[in-house]
Amino acid sequence: MARIWTENEKKYLIKKYPLQSAETTAKKLNRSTVSIIRKARQLGVSIYFENIHASTIAYAFNIEIGTVKKWIENYGLPCNRIVEKNFTRYNIEPEKFWDWAYEHKDIINWSKYKSKSILPEPNWLNEAIQSYHTP
């Protein structure tokens, strides 16, 4: 019989799975790797490691990457710029993105956000989405 997942285990999985291997998470929670992967999929958790690209944020909000670049240049969205031959890549830590987004709720179209696309999601996100009114 399968062991029931506790709320603490789920919280740990949501927080740590994007940052570490399934094997490490499995050892920490005393579960099988298959169990960890299956539960992560059920919870909509994916592996982004420590940074996501600006294009991931654009996808998450169904916007052009130019809008994300505008957030970086004009509104101070924190990022690490990696300059390569002919282009610049913008890497963003998800938690820093959410801190920034909280302070800039008024410039984000929350109705377009694809749930579980930038993890870990903050507690205030659902309220921001529900209270958003299209201008």
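Residues numbered from 1 in each chain as written. Predicted model: local features only at pLDDT ≥ 70, side-chain atom pairs only at ≥ 80, totals over all residues. Heavy atoms only, no water.

**A word on the confidence of the model for the protein**
In plain terms, the rule: What pLDDT reports is the predictor's confidence in each residue, on a scale of 0 through 100. Numbered from the N terminus, helices here are DSSP runs of H or I no shorter than four residues, and strands are runs of E no shorter than two.
The predicted model of the protein has a mean per-residue pLDDT of 87, with 94% of residues at 70 or higher. Mean pLDDT per element in the protein: strand 1 (residues 52–53) is the minimum at 82, and helix 5 (residues 65–75) is the maximum at 97.

**Let's talk about the sheet that holds strand 1**
As a reminder of what qualifies: Strands qualify as paired when DSSP identifies two bridges or more between them.
Reading across the sheet, the three strands line up as 1-3-2 and stay open at both edges, with antiparallel pairing between neighbours. Each edge of the open sheet is held by one strand with a lone partner, namely strand 1 and strand 2 (80–84). Pairing between strand 2 and strand 3 (residues 87–92): five bridges, direction antiparallel. When the bridges of strand 3 are listed, Val83 appears paired with Thr88.

**Considering the packing of aromatic side chains**
Our working rule: A pair of Phe, Tyr and Trp rings is counted when the ring centres sit within 6.5 Å of each other, with Trp represented by its six-membered ring. The angle between the planes then sorts it: under 30 degrees is stacked, over 60 is edge-to-face, the rest tilted. Exposed residues in this analysis have more than 50% of their type's maximum accessible area, buried residues have under 20%, and partly exposed residues fall in between, with area computed by a 1.4 Å probe over protein chains only.
Summed over all chains, the structure comprises 12 aromatic pairs. Pairing Phe61 with Trp71 gives two aromatic rings, centres 6.1 Å apart and planes at 80 degrees, and the pair type is edge-to-face. Pair noted here: Phe61 is in helix 4 (residues 54–61) and Trp71 is in helix 5, with a separation of 10 residues, a long-range link. Overall, the relative accessible area of 4% leaves Trp71 in the buried class. Summarising the aromatic geometry, the rings of Phe61 and Tyr113 are spaced 5.0 Å apart at their centres and angled 45 degrees between planes, so their arrangement reads as tilted. In this pair, Phe61 is assigned in helix 4 and Tyr113 in the loop between helix 6 (94–103) and helix 7 (125–131), connecting sequence segments 52 residues apart. Per residue, the accessibility class of Phe61 equals that of Tyr113, and both read buried. An aromatic cluster of at least three residues, connected via ring pairs, comprises Phe61, Trp71, Phe97, Trp98, Trp100, Tyr102, Trp110, Tyr113 and Trp124.

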